[in-house]
There are 2 protein chains.
Amino acid sequence: MTTPGRGLHGHVLEALGPAIAAGTYPPGSVLRTDELAQRFDVSRSVMREAVRVLESMHLVESRRRVGVTVRPKAEWNVYDPQVIRWRLAGADRPHQLRSLTVLRSAIEPVAAGLAARHATAAQCAELTECALGMVAHSRGHQLEGYLLHDVAFHRVILTASGNEMFARLGDVVAEVLTGRTEHEVMFEDPDPAAVTLHVHLAEAVREGDAARAQALTREITVGALQELDILAP
Amino acid sequence: MTTPGRGLHGHVLEALGPAIAAGTYPPGSVLRTDELAQRFDVSRSVMREAVRVLESMHLVESRRRVGVTVRPKAEWNVYDPQVIRWRLAGADRPHQLRSLTVLRSAIEPVAAGLAARHATAAQCAELTECALGMVAHSRGHQLEGYLLHDVAFHRVILTASGNEMFARLGDVVAEVLTGRTEHEVMFEDPDPAAVTLHVHLAEAVREGDAARAQALTREITVGALQELDILAP
DNA sequence: CAAGTCAAAAAGTCAGACTTATATGTCACA
DNA sequence: TGTGACATATAAGTCTGACTTTTTGACTTG
């Protein structure tokens, strides 16, 4: 989706990362650099670079005389986009999807409120355009086109919030939305009510109505939570 | 605070990372691995490992025939604890502190609401203990002790939410709270109203009152925003 | 049985030679 | 004058083998 395995060490990561994320090597497992280098048919230098990257993600810890041990899940850098992708590709995809959707429900309403204050004219225009695109693809099994505009819509909101931390979650939201369309039940056309909410949200941001923007986004995210049977009554 | 520079490549990172985060090498700057290796007096292998880590944080991009170029700030993995620490140590510390406080204001209320539902008895006890500790250190310039319990309090809330993404923000909140006490204006004793809010929040969680927990946390974070003159009227 | 000692194991480090991709400049040709 | 193909220099990428350092677990010793 973003960057494929650049260089040999990248290929190794593309194989090892998902395996660790999926629990193939449970926490506490010990790997040896030399053995891994042999297994992947690369030199030790390349293998060491790969291990360094995994270490920077807190997926593993490398210690002398011991080897490379897999860390407990609770210590992983779960905000690293690559770790997120690896986990979404594995077994605990549903669990990860839930965590991320709850995260969305916390972030996006606040981001929308800020966007209503800070959005530029260009951003407002783009937002309206995305909303129109969603409407245009909301009927007749045009899920791909709908998804494209949906992702773009939320990305603009997060960016327009003016907060760098929010902006960086654009990729995460994209993964969640894409995942929902691809893997989960999404055979039918999208809920018309959701589409309307997006159109109204674009209006609210354009008019600078922070409170309404926040409330509308909260409705959208509640819908996303309900889809996954996460009730917050 | 967490992990000091382990190994030679760690020392290099401890020097290079903060420099890049501080803008010493502005985005677009080109570095050469060989030159860096000479400058830090390490072998190329070690330097390459350091560059790989910086690359995994999206701080730099390494391309053949070009060198190691610094990426634009907007692409950095700003959720990486190490990146956060590096940025907090540098010039845009105030800006970073604001971003993170806004993030807190979005996350913590939701986390508190979830904590009220999911917290175990042990977590409730720990929460009450922390709140009592805050009260005990709230007068007479015992800022260090107060901070300690404040950090622990918020960490328990985030963990008790049961959401791994929230839980991992414990370190971030710790940095923000510590930074506020250390660098910002924090000469006087903490606001008594804030202390009371924490005590009440512990109560609300213990009683499983999600709505009240959320509302109280919102008040707490609004206070944090006001301290930094971030008004959200 | 405690404390000190030793040897093996694995990561860490280094130096050097070689490979590969690619940005850029050069030159012929239209 | 512009445009294409081609050559070249450059810096990252890779591999290898030897060496160093830390740490652990076993073994010895008082």
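These figures come from a predicted structure and were not determined experimentally.

Undergrad: An account of the overall build of chain A is needed here, citing residue identities and associated values.
TA: A tally of helices and strands in chain A yields eleven helices and three strands. In chain A, the order of α-helices and β-strands from amino to carboxyl end is α-β-α-α-β-β-α-α-α-α-α-α-α-α. For the C-alpha atoms alone, the extent of chain A along its principal axes is close to 65 × 35 × 35 Å. Here chain A holds 233 residues, and the buried ones make up 53% of them. The contacts in chain A between residues at least 6 apart in sequence include a share of 64% that link residues at least 24 apart. In the structure as shown, chain A presents an accessible area of about 10900 Å², 54% of it carried by carbon and sulfur atoms.

Undergrad: I'd like to hear about unusual backbone geometry, residue by residue, with values.
TA: Phi is positive for Asp-41 of chain A, close to 60 degrees, though the residue is something other than glycine. Here Asp-41 of chain A shows up in the loop between helix H2 (33-40) and helix H3 (44-56).

Undergrad: How would you sum up the interface of chain B and chain A? Please name residues and give values.
TA: Each partner contributes to the interface: chain B provides 40 residues, whereas chain A provides 39 residues. Buried surface at the junction of chain B and chain A, both sides included, amounts to about 3400 Å², of which 54% is carbon and sulfur. For the chain B face of the interface with chain A, the top three residues by lost area are Tyr-79, Met-165 and Arg-168 of chain B, together amounting to 22%. The tally of links from chain B across to chain A stands at eight salt bridges. Arg-87 of chain A is paired through a salt bridge with Glu-164 of chain B; the nearest N and O atoms lie 3.1 Å apart.

Undergrad: Break down the protein's contact with DNA strand C for me, with residues and values.
TA: As a structural note, the neighbourhood of DNA strand C is formed by 22 residues, with Thr-33 and Arg-65 of chain A together with Leu-8, Arg-44 and Arg-65 of chain B the closest of them. Backbone sugar and phosphate groups make up 73% of those atoms of DNA strand C lying within 4 Å of the protein. One nitrogen or oxygen atom from the side chain of Arg-48 of chain A is found 3.0 Å from a phosphate oxygen belonging to DNA strand C. One of the side-chain nitrogen or oxygen atoms of Arg-64 of chain A is found 3.4 Å away from a sugar or linking oxygen of DNA strand C. Every element with two or more residues in the surface near DNA strand C is listed here: H2, H3 and strand S2 (60-63) of chain A together with helix H1 (7-22) and helix H3 (44-56) of chain B. Of all the elements, H3 of chain B adds the most residues to the surface near DNA strand C, at three residues. The residue makeup of the surface near DNA strand C, split by class, is five nonpolar, six polar and eleven charged.

Criteria and thresholds
The numbering scheme is per chain: residues are counted from 1 as the chain's sequence reads. Whichever chain is written first becomes A and whichever ligand is written first becomes 1, with later ones labelled in order. Reporting in this predicted model follows two pLDDT cut-offs: at least 70 for local features of residues, and 80 or more for side-chain atom pairs to be given and counted; totals over whole chains, interfaces and linings ignore these cut-offs and use all residues. Water and hydrogen atoms play no part in the side-chain values, which are based on all heavy atoms of the structure. Numbering of helices and strands starts at the N terminus; helices are DSSP runs of H or I of at least 4 residues and strands are runs of E of at least 2. Note on classification: 1.4 Å probe, protein chains only; a residue is buried when its accessible area is under 20% of the maximum for its type, exposed when over 50%, partly exposed between these limits. Here a residue-residue contact requires only that any non-hydrogen atoms of the pair lie within 4.5 Å. For the area figures, the Shrake-Rupley method with a 1.4 Å probe applies, and any residue is considered shielded solely by the protein chains shown. Buried surface area refers to the total accessible area, computed with a probe of radius 1.4 Å, that the two partners give up upon joining, counted for both partners together. In the sections that follow, a salt bridge refers to a side-chain nitrogen of Lys or Arg positioned within 4 Å of a carboxyl oxygen of Asp or Glu. One heavy atom within 4 Å of a molecule or strand is enough for the residue carrying it to be called near that molecule or strand. Counted as a polar contact is a pair of N or O atoms within 3.5 Å, where, for protein atoms, one must be capable of donating a hydrogen and the other of accepting one, and residues adjacent in sequence contribute only when both atoms are in side chains. Residue classes follow a fixed rule: Ala, Val, Leu, Ile, Met, Phe, Trp, Tyr, Cys and Pro count as nonpolar, while Asp, Glu, Lys and Arg count as charged, and any other residue, Gly among them, counts as polar.

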